[in-house]
Amino acid sequence: LGIRHGASALAGGAIGLVANVLMTLLALRPVRSPGGALGRLFLGQFAKVGLTVALFVIAARSGRVAWPPLLLGYAVTLLAFAWAPLVSGQGRKST
């Protein structure tokens, strides 16, 4: 374990973060109809997957990544994005 492994984990986390931020920015733009909102959601998801694949290809072609830490960093980012909404409501009293 060294700098290469740490940098790979950080890169995996960055891939997940950047792709999710892009999806969020695209999906949450104002729209005028429910159909428009659904279209924005699909566009955001499509862009997220495309960017994720592109960034993993860039990482693979660099030849400098350690794959287990890269994938673990990416997975942890996905888990954080899934987990955060579940715990963000804790401690609130429903009225």
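Summary of the structure given here. (Residues numbered from 1 in each chain as written. Predicted model: local features only at pLDDT ≥ 70, side-chain atom pairs only at ≥ 80, totals over all residues. Heavy atoms only, no water.)

1. Some words on the side chain of N20
- Summarising the element assignment, N20 is placed in helix α1 (residues 3-27).
- Using a relative accessible area of 5% as the deciding quantity, one classes N20 as buried.
- Discounting residues that sit within four places of it in the chain, N20 has contacts with K48, L78 and F81. (Helix = DSSP H or I, 4+ residues; strand = E, 2+ residues; numbered from the N terminus. Buried < 20%, exposed > 50% of the residue type's maximum accessible area, 1.4 Å probe, protein only. Contact = heavy atoms within 4.5 Å.)

2. Remarks on the packing of α1 against helix α3 (residues 67-88)
- Contact geometry for α1 and α3: axes closest at 7 Å, N-to-C directions at 35 degrees. α1 and α3 meet at a crossing whose hand is right-handed. Side by side, α1 and α3 meet where H5, S8, A9, A11, G12, G13, I15, G16, L17 and N20 of the first sit next to P69, L70, G73, Y74, T77, L78 and F81 of the second.
- Taken together, the residues of the contact of α1 with α3 sort by class into nine nonpolar, eight polar and no charged. (Axes fitted to C-alpha atoms, helices over the stretch in contact; angles between N-to-C directions. Left-handed = near helix turned anticlockwise from the far one by under 90°. Nonpolar A, V, L, I, M, F, W, Y, C, P; charged D, E, K, R; others polar.)

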